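Tertiary structure, described
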Amino acid sequence: MVVGDVTTGTDVLVIGAGPAGYVAAIRAGQLDLDVTLVEKDAYGGTCLNYGCIPSKALITATDVAHDAATAEEMGIHAEPEIDLGEMMAWKDGVVDQLTGGVEKLCKANGVTLLEGTARFAGENTARVSHSGEGQGSESLEFEHAVIATGSRPIEIPNFDFGDEPVLDSRQALALESVPDSIVVVGAGYIGMELAGVFAKLGTDVTVIEMLDSILPGYDDDLKRPVKGRANDLGIDFEFGYTASDWDERDDEGGIRVVAEPADHAAADGGSADAVEGERLELETEKVLVAVGRQPVSDTLDLEEAGVETDDAGFVETDSRARTNLEHIFAVGDVAGEPMLAHKGSAEGQVAAEVIAGEPAAIDYQAMPAAVFTDPEIGTVGMTEPEAAEAGFEPVTGQFPFRASGRALTTGDSDGFVKVVADEESGYLLGASIVGPEASELIAELGLAIELGATLEDVAATVHTHPTLSESVMEAAENALGHAIHTLNR
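Rules and cut-offs
- Counting restarts for each chain: residues are numbered from 1 in the order of the written sequence.
- The predicted nature of this model means local features are confined to residues of pLDDT at least 70 and side-chain atom pairs, given and counted, to a pLDDT of 80 or more, with totals for whole chains, interfaces and linings taken over all residues.
- Computation of side-chain values covers all heavy atoms of the structure but excludes hydrogens and water.
- Secondary structure elements follow DSSP: runs of H or I no shorter than four residues count as helices, runs of E no shorter than two count as strands, and numbering proceeds from the N terminus.
- Radius of gyration: C-alpha atoms only; globule rule: 2.2 Å multiplied by the number of residues to the exponent 0.38.
- Whether a residue is buried, partly exposed or exposed follows from its accessible area with a 1.4 Å probe, protein chains only, as a fraction of its type maximum: under 20%, in between, or over 50%, in that order.
- Throughout, a contact is declared for two residues whenever any of their heavy atoms are within 4.5 Å.
- We treat two strands as partners when DSSP finds at least two bridges between them.
- With axes taken as lines fitted to C-alpha atoms, and helix axes fitted only over the stretch in contact, angles between N-to-C directions fall between 0 and 180 degrees.
- Salt bridge, as used here, is a side-chain nitrogen of Lys or Arg placed within 4 Å of a carboxyl oxygen of Asp or Glu.
- For the charge count, each Lys or Arg is scored as positive and each Asp or Glu as negative, with His and the chain ends excluded.
- Contacts described as polar in this section are N or O atom pairs within 3.5 Å, which, within protein, must combine one atom able to donate a hydrogen with one able to accept it, while residues neighboring in sequence count only if both atoms come from side chains.
- Pairing of aromatic side chains requires ring centres within 6.5 Å, counting the rings of Phe and Tyr and the six-membered ring of Trp. Pairs whose planes differ by under 30 degrees are stacked, by over 60 edge-to-face, and all others tilted.
- Roughly parallel covers angles under 35 degrees, roughly antiparallel covers those over 145, roughly perpendicular covers 65 to 115, and oblique covers all other angles.
- We call a crossing left-handed when the near helix sits turned anticlockwise from the far one by less than a right angle, and right-handed when that turn is clockwise.
- In predicted models, pLDDT denotes the confidence assigned by the predictor to each residue on a 0 to 100 scale.
- Only buried Ala, Val, Leu, Ile, Met, Phe, Trp, Tyr and Cys residues count toward a nonpolar core, and they belong to the same one when joined by side-chain atoms within 4.5 Å.
- In this analysis, a patch consists of residues with relative accessible area above 30% that form no salt bridge, clustered at 9 Å for like charges and at 5 Å for the nonpolar side chains Val, Leu, Ile, Met, Phe, Trp and Tyr.
- Per-residue and other accessible areas were derived by the Shrake-Rupley procedure at a 1.4 Å probe size, with only the shown protein chains allowed to occlude residues.
- To locate a charge, take atom NZ for lysine, CZ for arginine, CG for aspartate or CD for glutamate.

Each helix and strand in the protein chain was counted, giving 15 helices and 22 strands. Relative to a compact globule of 489 residues, whose C-alpha radius of gyration would be 23 Å, the protein chain shows 24 Å and is just as compact. For the protein chain, the spread of C-alpha atoms along the three principal axes comes to 70 × 70 × 45 Å. Looking at the protein chain as a whole, 52% of its 489 residues qualify as buried. Excluding contacts between residues fewer than 6 apart, the proportion of contacts in the protein chain whose partners are at least 24 apart in sequence is 63%.

Hydrogen bonds along the backbone pair up the strands of a sheet, which may run parallel or antiparallel. If you trace the 5 strands from one edge of the open sheet to the other, you get 18-19-22-21-20, paired in antiparallel fashion. The open sheet is flanked by strand 18 (369–371) and strand 20 (394–400), the only strands paired with a single partner. The average angle at which neighbouring strand axes cross in this sheet is 10°, direction not considered. Those strands touched by helix 13 (residues 438–450) are strand 18, strand 19 (376–381), strand 21 (416–422) and strand 22 (428–435), and its axis lies near 175° from that of strand 22. Running over the sheet, helix 15 (residues 470–480) touches strand 20 and strand 21 and is turned about 135° from strand 20.

Attention now goes to the pattern of salt bridges. Applying the stated criterion across every chain, the model contains 22 salt bridges. As a salt-bridge pair, Asp 220 and Lys 223 come within 3.6 Å of each other at their nearest N and O atoms. Taken together, the positions of Asp 220 and Lys 223, both in helix 7 (residues 220–232) and 3 residues apart, correspond to about one turn of that helix. The shortest N-O distance in the salt bridge between Arg 279 and Glu 281 comes to 2.8 Å. For Arg 279, a relative accessible area of 47% corresponds to the partly exposed category.

With respect to the helices and strands, the residue Glu 138 is situated in strand 6 (residues 137–147). For the buried Glu 138, no salt bridge is present, and the opposite-charge side chain at shortest range is Arg 127, 9.1 Å distant. There is a polar contact of 2.7 Å between the side chain of Glu 138 and the side chain of His 130.

A few words on the sheet that holds strand 15 (residues 286–289). Taken in spatial order, the 5 strands make up an open sheet running 8-15-9-10-11, and their pairing is parallel. With one partner strand each, in any of the chains shown, strand 8 (166–167) and strand 11 (236–239) form the two edges of the open sheet. In terms of strand pairing, strand 8 meets strand 15 through 2 bridges, oriented parallel. By the bridge assignment, Val 166 is partnered in strand 15 with Val 287.

Next up on the list: the packing of aromatic side chains. Taken as a whole, this structure holds 2 aromatic pairs when the rule is applied. On the basis of an interplanar angle of 75° and a centroid distance of 6.0 Å, the ring pair of Phe 120 and Phe 142 is categorised as edge-to-face. In this pair, Phe 120 sits in strand 4 (residues 117–122) while Phe 142 sits in strand 6, placing the two residues 22 residues apart along the sequence. Taking relative accessible area as the criterion, Phe 120 reaches 2% and is therefore assigned buried. Assessed through its relative accessible area of 2%, Phe 142 is described here as buried. On the numbers, 5.4 Å between centres and 0° between planes, the contact of Phe 237 with Phe 239 is stacked. By relative accessible area, which is 6% here, Phe 237 ends up buried. Under the relative-accessibility criterion, Phe 239 is labelled buried at 0%.

Right, let's talk about the packing of helix 3 (residues 52–69) against helix 6 (residues 189–200) for a bit. Axis separation between helix 3 and helix 6 bottoms out at 9 Å; the angle between their running directions is 40°. Here helix 3 lies oblique to helix 6, going by the angle between them. As for how helix 3 packs across helix 6, the hand of that crossing is left-handed. Only Glu 193, Val 197 and Lys 200 of helix 6 make contact with helix 3, whose side of the interface consists of Ser 55, Lys 56, Leu 58, Ile 59, Thr 62, Asp 63 and His 66.

Interpretation of the predicted coordinates at a detailed level should be avoided for regions scoring low in pLDDT. When pLDDT is averaged along the protein chain, the result is 94, and 95% of the positions lie at 70 or above. Scored below 50 in pLDDT, residues 271–275 makes 13 contacts in the model with residues more than four places away or belonging to other chains.

This next bit is on the environment of Asp 236. Among the secondary structure elements, Asp 236 is positioned in strand 11. Linking Asp 236 and Ala 195, residues 41 residues apart in sequence, is a C-alpha distance of 9.9 Å. If sequence neighbours within four positions are ignored, Asp 236 has contacts with Val 205, Thr 206 and Val 207.

This paragraph deals with the nonpolar core. It is characteristic of soluble globular proteins that their nonpolar side chains tend to be buried jointly. Judged by nonpolar contacts, the single largest core of 37 residues is most densely connected at Met 192, Val 205, Val 207, Ile 214, Ile 235 and Phe 237. Mapped onto this core, the elements with two or more residues apiece are helix 3, helix 4 (84–108), strand 9 (181–185), helix 6, strand 10 (204–209), helix 7 and strand 11. Of all the elements, helix 6 adds the most residues to this core, at 7 residues. Not counting chain neighbours up to four residues away, the residues in contact with Met 192 comprise Ala 187, Ile 214, Leu 215, Val 226, Ala 230, Phe 237 and Thr 373.

Taken together, the side chains of Glu 155, Asp 160, Asp 163, Glu 248 and Asp 250 define an acidic patch exposed on the protein surface. Counting through the fold element by element, Glu 155 comes out in the loop between strand 7 (151–153) and strand 8.

Looking now at the packing of helix 3 against helix 4. Running from amino to carboxyl end, helix 3 crosses helix 4 at an angle of 140°, the nearest separation of the two axes being 9 Å. With respect to their mutual orientation, helix 3 and helix 4 come out oblique. Both helix 3 and helix 4 take part in a crossing whose hand is right-handed. Judged by residue contacts, Ile 53, Pro 54, Ala 57, Leu 58, Ala 61 and Thr 62 of helix 3 engage Met 87, Met 88, Trp 90, Lys 91, Val 94, Val 95 and Leu 98 from helix 4.

Below, the structure is given as structure tokens:
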């Protein structure tokens, strides 16, 4: 039976239940607003179901196997046997626990959950089409709306994610068997993280990147240890190329990926072929396309509400997460860079609080970022050039993990902690870390920036010994010229 069209009302309509949307819905519920949350796929969005959480689960699992297999220096000799099916089942269990928790938290905070696809039908109206035959649709009248529809992987010409050997990140995280070989198109954070996972599973990995190095946007000194570790894992790189096509190898199985020279010279250990301008043909079993993500804004009929986007499809917002319409907000990936789950969650809280009449605004000054490569990268605040451009006289301090007793006891001492401060005032302006647990260690420095701490504050804070966090203290001391366990500049 087809459900007849009905119209209901809500104070706040949230479209999308990812980290930005469900946080906005829960916070709005806590503020005694009537909230309806619409999700077409799975609660928790891409992050919990197909991105952040499953990828980090597999990174951890493959790290355990790799560490056990390469610990001869510690007197440990092992040959781990990996059962990918069991590994995937464990990963799925983690995901199910978290997504189930999101649903329970929403209901506990009074949020009404609707499964379906929402489209705007006016400035204060949306239509929700329910999935499943005969489920029909309904209209929702809202006082405020929060757009939190996230992003999707970018496809490139001739590489359709519907073709069996062509994978996006979601498909790569759900493989039932370990491929013998894989070509990864794109050396950004998604490509590099998954290249490491497959290499540690025993797959032959080749990364194609149109630019001249990995991880565009990150400083060379941060990328260097990551590139070195990737080389140690046997990952091959072809810089200065763009993947142009693929075809099946009729007699031998697998596929052949064709890459054409880009307008960039090969460097950082890339193939000389890129400089010579010759095209590449790479034989492989699978190809993973990880060239970035694009906003999911084209499914919303935004023009019906009058919501504006930029040329790339991102919904433009102000510091309070409002679009060009004061009663409609946008948060998370759909609202633009940086595409970070925690950034989306922060925006979701701000949107809910603004709707409730509270004086909230988004402050990106201490917004951290992390790349879960091997080793990890963590950054927050300004780099040294950015600080100089902003009018500061930057002073820096650095501490290498090879001088950290705790890092040496873990067998992982590549990398460093670097802090950037204003020389006159001593205020901490930014920090970057490459090395073990960088994604965890960066939080202390983010808090320091948020609180307006100085180098003296960080250096004078006694840190537990022996810990990796001592490296943060030592980097601040180095900037002041009195580090104990490294030479001062």
